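Architecture and fold: a report
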Amino acid sequence: MATMTLIEAVTDAMRTEMRNDDRVVVFGEDVGKKGGVFLATQGLQEEFGEQRCFDTPLSECGIIGTAVGMAVYGIRPIAEIQFLDFIYPAFDQIVSEAAKMRYRSGGEYTCPLVIRSPYGGGIRGGHYHSQSSEAYFCHTPGLKVVIPSTPADAKGLLISSIRDEDPVMFLEPKRIYRSVKGEVPEGEHVVPLGKGRVVREGSDVTVVAYGSMVSICEQAAEKAAEQGRSVEIIDPRSLVPLDEDLILESVRKTGRCVVVFEAPRTCSFGSEIAAIVAEKAIEHLEGPVVRVGGFDTPFPYSLEHLYMPDVRRVLKGIEKTFQW
Amino acid sequence: MTTTQPPLSILQKDGKTAKDKDPNLPADQLKRLYETMVAARILDERGLALQRQGRIGFYLQALGQEASHVGSASTLQDSDWFFPAYRQPGIPILRGVPFDDIVNEWYGNDGDTSKGRQMPVHYSFRQANFVSVSSPIGTQISQAAGAGMAARIRGDDTVFMSYFGDGGTSSNDFHAGLNFAAVFKAPVVFVCENNQWAISVPATNQTKSESMAIKAQAYGMPGIRVDGNDVLAVHRVCKEAVERARKGEGPTLVETVTYRIASHSSSDDAARYRDADEFEAWKQRDPIQRFQRYLQRKKLWNEAYEAEIQERYKQAINDAIKRAEARPRPPLDSLFEDVYLNLTPQLRAQREELLSLEGPESAELGEFPL
Ligand SMILES: Cc1ncc(C[n+]2csc(CCOP(=O)(O)OP(=O)(O)O)c2C)c(N)n1
Ligand SMILES: [Mg+2]
């Protein structure tokens, strides 16, 4: 075991898989000599050479279009999109091509690739360096969507994503790139996609959160405990496929559910979780399922701290499940 | 069509011009160009310093590129429009935007014309026909083409200038924008500021074309390479392009060959990926010094004049900073304004929800970069 930050664990996962499997290549803007604007690919070009870790021209469409071609041909691309906010020129390649290759060819062709991208707010990045647009991708059948919240999960989930036979959006909560540290197994370390994690056990209310919201919810749970509320926190870790059983099992036990996410509320993935709980655990619910999310505005700059769900808002959401 | 020749240049290093090349612009115009370039540099120095002191969250400089954007922008009339990128600080100055408006944007305070919605240097100055800057690279290129098409439809004689970098030439919008502009004869001057770098990627890895200007040929418009550190050359080339556009002869691609003296932004350290030699060589070609020597020969520049303008702009910018720092953040409910013309019922409810929260606001969040 080594102690690592989340971003170091991301690098470690790529290094591990590039050593394991020479089909794995890493590319994107500034990922070579500079090692990525966040340094997630630091050292990879030195170790694996320019054939396997390289800079591209400034075109997200080009990055993902070529990744699709590589995957169809049989190598294993990991494409970095510098910020998730810049992925939209590649949207067509992702939703029309990568996501549909297996289905539309009746399984003749497949598209196993990983798109890694830092996402989310809390870094004073304004709306082009802060968005949480996971819902667009969750809404697209054919894509898997994975979001780690700890270094160990980052490594284990990224390795699983690279080995997966389908296209995976691997979204990295950049706000906690360096602020969370944890023990990470060396070498092989696999965390399966579709298995959530109980972050904290509790009996009164279930809080479902992913990415940087997990640590906010942990702080809120501490505060709630002072007020006599026992909070259970579930991190689904992959949104697609989703570990529904883990969430439902928890809600059946606690009878209450709050979903916390950074994205705008309307049509968010949090809304999907709320719908699943309402549909499948209604007979166990003792209060409304509450969403605590971003507001339905573009991501702001000066008022970011009011936009992002914080401990105050999570606690208020928890209280709502008790008072109705 | 002009392509692979060395870029057109007028000013020599010592400030002389090749004989019959001096455009002999009027003295007040020359001084306006010079002062704007100097002001832009002072603004950039203060901006980065404030970021380093933790007083603003981010900054991005145009050091060494002042001639490129000031020379080109100065060929437009006040009624013409800009579709800028994020590296043209001299344009608002040239257009007379008050330093208060510029500096308030850095602070995202309640005096910011864009209400604290964007990161520093992503200005929006409608008063100057300077369209809101966004971060995604290249998007303004096709927009300028569209605005040019609209002006033709309306029968206006407005000309549009769109700015982007060498990296921007790889974007989808570069292709779409140039293609549409040429097909519809849009009155647009596309200014590609080729500063040799897109963060850490050199222009030589951005394209295998001989130049950026040569790409114009494929779209069916003139492409011209000009020495981007030579304000007179940039001015001359863009003046011709603007005239063509205004006469209804369609768009032009101008490649200003320059160099990004600074790191990409306050988040970047160019020493990690760039040779000191290359950097030093370009520093010798500083556009402000070159122009200064020319003005000196024309007896339009001396030490006292320099001291006077330095003092004037430093004072004006520092005063604006002082005032900006005294202003509060935009009001809390401004978070919900301007999503649409009117608040939707959902936004109204969300605003009430935020206003009704009790207890202290969480502190401002992390810093950019991480
Ligand atoms: C679509 C998109 N992808 C990536 C980025 C991140 N990014 C910001 S600036 C930049 C380099 C731009 O280089 P260039 O176009 O040459 O302009 P310069 O910064 O040199 O003025 C990159 C990759 C972005 N802003 N937009
Ligand atoms: Mg550039």
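What you see is a predicted model; the values in this text were computed from it and never measured.

Assigned secondary structure in chain A consists of 12 helices and 14 strands. Considered along the principal axes of its C-alpha atoms, chain A spans approximately 60 × 40 × 40 Å. Every one of the 324 residues in chain A was classed for burial, and the buried ones make up 65%. Restricting to contacts in chain A with at least 6 residues of sequence separation, those with at least 24 account for 81%. Split by element, the accessible area of chain A, about 11,400 Å² in all, is 51% carbon and sulfur. Looking at chain A, you have 35 positive and 46 negative side-chain charges, and the mean spots of the two groups are 4 Å apart.

All names here are of chain A. One can read the domain layout of chain A as domain 1 (2–184) and domain 2 (197–322). For domain 1 versus domain 2, the separation of C-alpha centres amounts to 26 Å. Counting residues at the interface gives 27 residues for domain 1, matched by 25 residues for domain 2. Interface of domain 1 and domain 2: buried area, both sides summed, is about 2,000 Å²; carbon and sulfur atoms make up 56% of it. Three residues stand out in domain 1 for area buried against domain 2, namely Arg124, Ile147 and Arg175, and they jointly supply 24% of the buried area on that side. Joining domain 1 to domain 2, the criterion identifies 2 salt bridges. Arginine 237 is the partner of aspartate 153 in a salt bridge, and the nearest nitrogen-oxygen pair spans 2.9 Å. If you look at where domain 1 meets domain 2, you find 15 residue pairs in polar contact (both at pLDDT 80 or more). Listing elements by their share of the side of domain 1 that touches domain 2, those giving two or more residues are helix H6 (134–138), strand S6 (144–146) and helix H7 (151–163).

Our next topic: the pairing of strand S7 (residues 252–257) of chain B. Residue and element names in this part refer to chain B. Here S7 lies mainly inside the structure; 6 of its 6 residues are buried. Summarising the sheet, strand S6 (residues 223–227) and S7 pair through 5 bridges and their orientation is parallel. Pairing of isoleucine 224 across the sheet is with valine 254, part of S7. At this point the chain moves from S6, through helix H8 (residues 231–246), to the parallel S7, and the crossover so formed is right-handed.

Residues and elements named next belong to chain B. Applying the stated rule across the entire model yields 28 aromatic pairs over all chains. Geometrically, the ring pair formed by phenylalanine 82 and tyrosine 163 is tilted, given 6.4 Å between the ring centres and 35° between the ring planes. Separated by 81 residues along the polypeptide, phenylalanine 82 in strand S1 (residues 81–83) and tyrosine 163 in strand S2 (residues 160–165) bring together distant segments of the chain. Just as phenylalanine 82 is buried, tyrosine 163 falls in that class too. Measuring from ring centre to ring centre gives 6.1 Å for phenylalanine 174 and tyrosine 219, while their planes differ by 85°; the resulting arrangement is edge-to-face. Of this pair, phenylalanine 174 sits in helix H6 (residues 172–183) while tyrosine 219 sits in helix H7 (residues 215–219), placing them 45 residues apart in sequence. Here phenylalanine 174 matches tyrosine 219 in class, with each residue buried. One aromatic cluster in this structure is built from Phe82, Tyr123, Phe125, Phe130 and Tyr163.

The subject of this paragraph is the site of ligand 1. Around ligand 1, a shell composed of 19 residues is seen, among which Glu60 of chain A together with Tyr86, Arg87, Gly167 and Asn195 of chain B lie nearest. More than one chain reaches ligand 1: the nearby residues come from chains A and B. Side-chain polar atom of aspartate 166 of chain B to an oxygen atom of ligand 1: 3.0 Å apart, as the coordinates give it. One of the backbone N or O atoms of glycine 167 of chain B is found 2.8 Å from an oxygen atom in ligand 1. For ligand 1, whose accessible area on its own is 580 Å², the fraction buried by protein is 94%. Across the shell around ligand 1, the residue classes tally to 8 nonpolar, 7 polar and 4 charged.

This part covers the interface of chain B and chain A. Across the boundary between the two partners, chain B contributes 52 residues, which contact 48 residues of chain A. Residues aspartate 268 of chain B and lysine 34 of chain A are paired through a salt bridge, measuring 2.4 Å at the closest nitrogen-oxygen approach. Between the two partners, chain B and chain A, sit 11 residue pairs in polar contact (both at pLDDT 80 or more). It is helix H12 (residues 345–355) of chain B that contributes the most residues to the side of chain B that touches chain A, 4 residues altogether. Residues belonging to the side of chain B that touches chain A are distributed by class as follows: 23 nonpolar, 19 polar and 10 charged.

To continue, consider the domain arrangement of chain B. Buried accessible area, meaning the area lost when the parts come together, often serves as the stated size of an interface. When cut into domains, chain B gives domain 1 (27–326) and domain 2 (332–365). When each unit is reduced to the centre of its C-alpha atoms, the spacing between domain 1 of chain B and domain 2 of chain B is 35 Å.

This next bit is on the packing of helix H1 (residues 27–52) of chain B against helix H11 (residues 303–325) of chain B. All names here are of chain B. Where H1 contacts H11, the two axes come as close as 10 Å, and the packing angle between them is 45°. For the element pair H1 / H11, the angle class is oblique. Crossing of H1 over H11 shows right-handed handedness. Taking contact as the criterion, the partners of Lys31, Tyr34, Glu35, Val38, Ala39, Ile42, Leu43, Arg46 and Leu50 in H1 are, on H11, Tyr305, Glu306, Ile309, Gln310, Arg312, Tyr313, Lys314, Ile317, Asn318, Ile321 and Glu325. Here the residues of the contact of H1 with H11 are counted per class, giving 11 nonpolar, 2 polar and 7 charged.

Position of valine 191 of chain A among the secondary structure elements: in the loop between strand S8 (181–184) and strand S9 (197–200). Among the residues examined, valine 191 of chain A registers a relative accessible area of 7% and is labelled buried.

With that settled, the discussion passes to the coordination of the magnesium ion (ligand 2). Residue and element names in this part refer to chain B. In the first shell of the magnesium ion (ligand 2), the protein supplies Asp166 (OD), Asn195 (OD1) and Trp197 (O), at 2.1 Å from the metal. For the magnesium ion (ligand 2), the single-chain donor residues occur in sequence as D-x28-N-x1-W. One end of the pair, aspartate 166, is in the loop between S2 and H6; the other, asparagine 195, is in the loop between strand S3 (188–194) and strand S4 (197–198), and 29 residues separate them in sequence. For aspartate 166, a relative accessible area of 1% corresponds to the buried category. The class of asparagine 195 is buried, set by a relative accessible area of 5%.

Within a sheet, neighbouring strands are paired by backbone hydrogen bonds and run either parallel or antiparallel to one another. All names here are of chain B. What the 5 strands build is an open sheet, ordered S1-S2-S3-S7-S6; its pairing is parallel. With one partner strand each, in any of the chains shown, S1 and S6 form the two edges of the open sheet. Within the sheet, the average angular offset between the axes of one strand and its neighbour, ignoring direction, is 20°. By the bridge criterion, 3 bridges tie S1 to S2 in an arrangement that is parallel. When the sheet's bridge partners are listed, tryptophan 81 is paired in S2 with phenylalanine 160.

Turning to the nonpolar core, a few remarks are in order. Among the nonpolar cores identified, the biggest contains 106 residues, and Tyr34, Phe99, Ile102, Trp106, Met161, Leu232 and Phe291 of chain B are the most heavily contacted of them. The element best represented in this core is H1 of chain B, accounting for 10 residues. With residues up to four places along the chain from it excluded, the contact list for tryptophan 106 of chain B reads Leu43, Gly47, Leu50, Ile56, Tyr59, Pro120, Val121 and Tyr123 of chain B. In terms of nonpolar packing, the next biggest core, distinct from the first, is built from 48 residues, Val68, Ile234, Phe261 and Val277 of chain A among them.

How each quantity is defined
All chains use their own residue numbering, which begins from 1 and follows the written sequence. The lettering of chains begins at A and the numbering of ligands begins at 1, in the order of writing. Local features in this predicted model are restricted to residues whose pLDDT is 70 or higher, and side-chain atom pairs enter the listing and the counts only when it is 80 or higher, whereas totals over whole chains, interfaces and linings include all residues. Side-chain figures throughout are based on the complete set of non-hydrogen atoms in the structure, without hydrogens or water. Only runs of H or I of at least four residues qualify as helices and only runs of E of at least two qualify as strands under DSSP, and these elements are numbered from the N terminus. The rule is simple: take the accessible area with a 1.4 Å probe, protein chains only, and divide by the maximum for that residue type; under 20% is buried, over 50% is exposed, in between is partly exposed. In this analysis, two residues are considered to be in contact whenever any of their non-hydrogen atoms come within 4.5 Å of each other. Areas reported here follow the Shrake-Rupley algorithm with a probe of radius 1.4 Å; residue values treat only the protein chains shown as occluding. In this tally, Asp and Glu contribute negative charge and Lys and Arg positive charge; neither His nor the terminal groups of the chain are included. Positions of charges follow a simple convention, taking NZ of Lys, CZ of Arg, CG of Asp or CD of Glu. Where each domain begins and ends is defined by an automated method or by a domain database. Using a 1.4 Å probe, buried area is obtained as the accessible area two parts lose upon being combined, added over both of them. The rule for a salt bridge is simple: a side-chain nitrogen of Lys or Arg has to be within 4 Å of a carboxyl oxygen of Asp or Glu. Any N or O atom pair separated by 3.5 Å or less is treated as a polar contact, with the protein-specific requirement of one donor-capable and one acceptor-capable atom, and with residues adjacent in sequence counted only for side-chain atom pairs. Whether two strands pair comes down to DSSP finding at least two bridges between them. A clockwise path from the first strand over the helix to the second, with the strands pointing away from the viewer, defines a right-handed crossover. Any two rings among Phe, Tyr and Trp, with Trp reduced to its six-membered ring, count as a pair given centres within 6.5 Å; such a pair is stacked if its planes are under 30 degrees apart, edge-to-face if over 60, and tilted if neither. Throughout this document, a residue counts as near a molecule or strand when at least one of its heavy atoms sits within 4 Å of that molecule or strand. When residues are grouped by polarity, Ala, Val, Leu, Ile, Met, Phe, Trp, Tyr, Cys and Pro land in nonpolar, Asp, Glu, Lys and Arg in charged, and all others, Gly among them, in polar. A fitted line through C-alpha atoms serves as each axis, taken over the contacting stretch for helices, and the angle formed by two N-to-C directions is quoted from 0 to 180°. Working definition: roughly parallel below 35 degrees, roughly antiparallel above 145 degrees, roughly perpendicular at 65 to 115 degrees, and oblique for all remaining angles. Each crossing gets its handedness from the near helix: less than a right angle anticlockwise from the far helix is left-handed, clockwise is right-handed. Note: metal donors comprise N, O and S atoms at 2.8 Å or less from the metal (3.2 Å for Na, K and Ca); water molecules are not included, so apparent gaps in a site are possible. Working definition of a nonpolar core: buried Ala, Val, Leu, Ile, Met, Phe, Trp, Tyr and Cys residues. They are joined through side-chain atoms within 4.5 Å.

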